[in-house]
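Each chain, written out:
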Amino acid sequence: DDDRFTRLRICRRHLNRVSTLEKKLVKWALAAPFHDVNALHSLSSPQVEEWYREIFADVRLTGVLVEFLLEKGHDPCEESDIGTPVEGAYGVVVSYMDKFGEVDDDSMELTDA
C-alpha cells in the first residue's frame, strides 16, 4: 500500500477512501449474476448511481480510483457475459449524454483500435 500511496500521489486518507470504494466494487462484482466480472465492471453497474454526485463529480478522485483499480489488477479488457469494463463505461457515458440530448448516435461508435 505504501508503494501505491507514493505512485498515486494522494494522502493516506484518500488512499483509504479509494481502498474502501474498491472493496465495495469487488463485493458487487462477486455478487453479480454474470461470469468474469471485476471491480471495473462494477463502475458501470446500477449500484454506483448513488456515486454520480459524490464521487464521479470529482474527476480527480474518479481518476485515482480507476488508477488504483488498475494497479490492483482489475483488467479493463476482461471479457465477461456483459462485455468488457471499457464497453460498460462507454455505454453509461453514451446513455448519460443521450439523456441530456448531448449525443449524436451516428457519430458515437465503439471500434477496435
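**Thoughts on the layout of surface pockets**
Where empty space is left in the structure can be found by rolling a water-sized probe over the atoms.
No. 1: Volume-wise, the largest pocket comes out at about 710 Å³.
No. 2: If you list the elements that add at least two residues to the lining of the largest pocket, you get α4 (51–56), α5 (59–71) and α6 (85–99).
No. 3: Counting residues per element, the lining of the largest pocket draws most heavily on α6, which supplies 8 residues.
No. 4: Across the lining of the largest pocket, the residue classes break down as 14 nonpolar, 4 polar and 2 charged.

**Points about the nonpolar core**
No. 1: The biggest cluster of nonpolar side chains holds 18 residues, and the ones touching the most others in it are V18, L25, W51, L65 and L69.
No. 2: For this core, the secondary structure elements donating two or more residues are α2 (12–31), α3 (39–42), α4 and α5.
No. 3: Ignoring sequence-local partners within four residues, the contact set of W51 consists of L21, K24, L25, W28, F56 and L65.

Definitions and cut-offs
- Residues numbered from 1 in each chain as written.
- Predicted model: local features only at pLDDT ≥ 70, side-chain atom pairs only at ≥ 80, totals over all residues.
- Heavy atoms only, no water.
- 1 Å grid on protein atoms, 1.4 Å probe; cavity = no way out; pocket = protein on both sides within 12 Å on 5 of 7 lines; lining within 4 Å.
- Points joined across faces, edges and corners; volume = space filled by probe spheres on them.
- Helix = DSSP H or I, 4+ residues; strand = E, 2+ residues; numbered from the N terminus.
- Nonpolar A, V, L, I, M, F, W, Y, C, P; charged D, E, K, R; others polar.
- Core = buried A, V, L, I, M, F, W, Y, C linked by side-chain atoms within 4.5 Å.
- Buried < 20%, exposed > 50% of the residue type's maximum accessible area, 1.4 Å probe, protein only.
- Contact = heavy atoms within 4.5 Å.

Don't take any of this as a statement about function, it's just geometry.
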